[in-house]
Every structure is written in C-alpha cells, then in structure tokens.
Amino acid sequence: MSALLSIRGLSAGYGGASALDDVSLTLAAGETVALLGANGAGKSTLLKALLGLVPARGELRLDDVELGPLPTEARVRHGIGYVPEGRRVFPGMSVRDNLEVAGLPAARDRLLDVERVFALFPDLALKSAEHAWRLSGGQQQMLSLGRALMGRPRLLLLDEPSLGLSPKLADEVFAAVRHVAAAGTAVLLAEQSAARALAVAPRAILLRLGRVVGDGPVAALSEEAVREAFFGG
Ligand code: ATP
C-alpha cells in the first residue's frame, strides 16, 4: 500500500530545546493509528509540525505533496483536518456558524457537510442555533471534531480528544472517531490514555522524549514497550 502520509527524519523544537528528534513514520490511506506517549513526549509537537504550526526540519509528504514549504492553510486544503487539544471553538458563534466558517467555499458543499456533521452528532443538530459557549465540554469536543470534518480531510489529526471528558462523553467522542475512520478517513490520534486509544486504533506508535520507540500492530506491541514509553526503562 502506498503511504498517504510519510514523515522522514523530522526534528522540531522550541528555541534551543528539542521536542522531536529524527522521527520517521508512514500512514496508509484510511488507516487509524494511535500516537502514544507520556506528558511531554512530543505528541502535540508532531501534530503541530504536520500543520506547520511549529518550525520543523525533515521530510513531510501527503501523497505526493511536499508539505514543508506550505503554509498551514494550504496543508489544510490538501486534506489535513486538525482537532487541537482543548476543543477550540468560537464561543460567541452559533453551533451552525462554527461549522459553516470551517467549511468548503461552495455553499452547497458547506450545507451538505453541516448536515453530515449533524447526522454524526445529533446532539449538535438539536443545538444548532445555540451559542457554542452554552454547550457541554463533550459537545464542544464534538463541535471541534465537526469543524475539522467540514474540510473533508483525508487525514484527521486529533490531539487528546478525551482529555477532561467524563468516561461516557469520551466514549461518544471515540465512537464518532471510529465512524469517521470507517468512512475512510485516516486518523492519527494522540492520546495519553493508552487503553482508550488502543480500543480505536489497530496500530500504535510510541513516542518517548521526542523519539519513536515503538511502531506496530497493537497486538504485537508488548506491554513492556508501552510501559517503557510512558514511564521509561
Ligand atoms: P502533552 O500530553 O503534555 O501535550 P505531548 O506528548 O503532546 O505532551 P508536547 O506538548 O509535544 O508533548 O511537548 C514536547 C516537549 O516540548 C516537552 O518537553 C514540552 O515541555 C516542550 N514544549 C511544548 N510546547 C512548548 C512551547 N510552546 N515552548 C517551549 N517548549 C514547549
């Protein structure tokens, strides 16, 4: 299978401090992969580097497009959707407007996509005219995910979507992620909760101190390797 996403020798950091060191990985079209690692392992930095939100060195390709020279909005146009940590939505806008401003330029496509998001999250459909600040944390996470889907991504980057949610709401968010993945979108899911991520993703990549320390089918990753990624040797 040819890769949808291909990363080779990626390094990134903040000022002098390195946060990612020589990271290489590939994702096939439609594949769901968990990106696991402790606090500070570099998960968020990896997603941000893919979007051009932090300076990075190395090769980043989406299909045959070299992402490195492209600004963030061009990367999004090429098919990357991003759900940042902390469910960022526009609190003073209605739920529908939050979705529409993230949509494709053609009004017909946009309306169709809003209806798709509402079909995926019926709770949002019920609150379509409400201001986003009135939504619960779980609904805001769904709205944030819905906004990313409005761009019809081929690759969806999710940064800790279950953070701060009750187990029930986290389950709902993960059910939606499974649905999106089943529809053919590739998903790279950064998570601190290994148990949750592994329930969604058949393959995991383990990051520790900015380096890849494991990559493979979940069934083949030893508990020890996962433990080491989180707690060290
Ligand atoms: P978390 O679960 O805490 O988000 P993470 O695996 O996503 O962890 P990153 O946020 O990518 O990890 O952080 C990787 C490293 O980069 C850490 O050492 C962190 O302290 C550092 N770092 C992250 N953001 C910044 C920043 N804006 N300025 C300076 N250092 C940063």
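These numbers come from a predicted model, not from an experiment.

Asks: When you look at the sheet that holds strand β4 (residues 56-62) in this model, what are you seeing that I'm missing?
Replies: Paired through their backbone hydrogen bonds, the strands of a sheet run either parallel or antiparallel. In spatial order, the strands read β2-β1-β4-β5; together these four strands make up an open sheet with antiparallel pairing. With one partner strand each, in any of the chains shown, β2 (17-28) and β5 (65-66) form the two edges of the open sheet. In the sheet, strand β1 (residues 3-14) pairs with β2 via eight bridges, with the strands oriented antiparallel. When the sheet's bridge partners are listed, Leu5 is paired in β2 with Leu27.

Asks: Help me understand the pattern of salt bridges in this model?
Replies: As a working rule, side chains carrying opposite charge can pair if their charged atoms are close by. Counted by the stated rule, this structure contains 15 salt bridges. Arg154 is the partner of Asp63 in a salt bridge, and the nearest nitrogen-oxygen pair spans 2.2 Å. One end of the pair, Asp63, is in the loop between β4 and β5; the other, Arg154, is in the loop between α6 (137-149) and β7 (155-159), and 91 residues separate them in sequence. Using a relative accessible area of 37% as the deciding quantity, one classes Asp63 as partly exposed. The class of Arg154 is partly exposed, set by a relative accessible area of 32%. Across the pair Glu130 and Arg134 runs a salt bridge whose closest N-O atoms are separated by 2.8 Å. One salt-bridge network, held together by shared partners, links Asp109, Asp113, Arg116 and Arg152.

Asks: Help me understand unusual backbone geometry, please; the structure alone is not making it clear to me.
Replies: For residues besides glycine, phi is generally negative; the peptide bonds are generally trans as well. If you check the backbone angles, Asp22 has positive phi at about 55 degrees while not being a glycine. With respect to the helices and strands, Asp22 occurs in strand β2. Overall, the relative accessible area of 46% leaves Asp22 in the partly exposed class. At Arg152, a residue that is not glycine, the phi angle is positive and equals roughly 50 degrees. Residue position: Arg152 is located in the loop between α6 and β7.

Asks: What exactly am I supposed to notice about the site of the ligand here?
Replies: Looking at the ligand, there are 13 residues lining it, with Asn39, Gly40, Lys43, Ser44 and Thr45 nearest. One of the side-chain N or O atoms of Asn39 is found 2.4 Å from an oxygen atom in the ligand. Gly42 is positioned with one of its backbone polar atoms (N or O) 2.9 Å from an oxygen atom of the ligand. Protein chains shield 59% of the accessible area of the ligand, which is 620 Å² for the free molecule. In terms of residues, the shell around the ligand owes the most to one element, helix α1 (residues 43-51), which gives three residues. Residues belonging to the shell around the ligand are distributed by class as follows: four nonpolar, six polar and three charged.

Asks: Please explain the side chain of Ser128 as it appears in this structure.
Replies: For Ser128, the position within the fold is in the loop between α5 (122-126) and α6. Once residues lying within four places of it in the same chain are set aside, the contact partners of Ser128 are Ser94, Val95, Arg96 and Phe118.

Asks: Would you take a moment to explain the pairing of strand β3 (residues 32-36) for this structure?
Replies: The two faces of a sheet get side chains in turn, since along a regular strand they alternate between them. Most of β3 sits out of view: five of its five residues are buried. Both faces of β3 are covered, namely the face carrying Thr32, Ala34 and Leu36 and the face carrying Val33 and Leu35. As defined by bridge partners, β3 adjoins strand β8 (residues 186-191) across five bridges and the pair is classed as parallel. Paired with Leu36 across the two strands is Glu191, which belongs to β8. Taken together, the four bridges between β3 and strand β9 (residues 203-208) define a ladder with parallel strand orientation. Looking at the pairing, Ala34 lines up with Ala204 of β9.

Asks: Honestly, helix α9 (residues 223-231) in this entry has me stumped. Any pointers?
Replies: The α-helix advances 3.6 residues per turn, and as a result positions three or four apart in sequence lie on the same side. Buried within α9 we find Val226, Ala229 and Phe230. Relative to the axis of α9, the buried residues are bounded by an arc of 95 degrees and lie together on one face. Along α9, the residues that are exposed and aim more than 90 degrees away from the buried face are Glu224 and Phe231.

What counts and what doesn't
- Residues numbered from 1 in each chain as written.
- Predicted model: local features only at pLDDT ≥ 70, side-chain atom pairs only at ≥ 80, totals over all residues.
- Heavy atoms only, no water.
- Pairing = 2+ DSSP bridges.
- Helix = DSSP H or I, 4+ residues; strand = E, 2+ residues; numbered from the N terminus.
- Salt bridge = Lys/Arg side-chain N within 4 Å of Asp/Glu carboxyl O.
- Buried < 20%, exposed > 50% of the residue type's maximum accessible area, 1.4 Å probe, protein only.
- Near = heavy atom within 4 Å.
- Polar contact = N/O pair within 3.5 Å; in protein donor to acceptor, adjacent residues only side chain to side chain.
- Areas by Shrake-Rupley, 256 points an atom, 1.4 Å probe, with all protein chains shown as cover.
- Nonpolar A, V, L, I, M, F, W, Y, C, P; charged D, E, K, R; others polar.
- Contact = heavy atoms within 4.5 Å.
- Arc of directions from axis to C-beta.

From the geometry alone we can't say anything about function, so treat these as descriptive.
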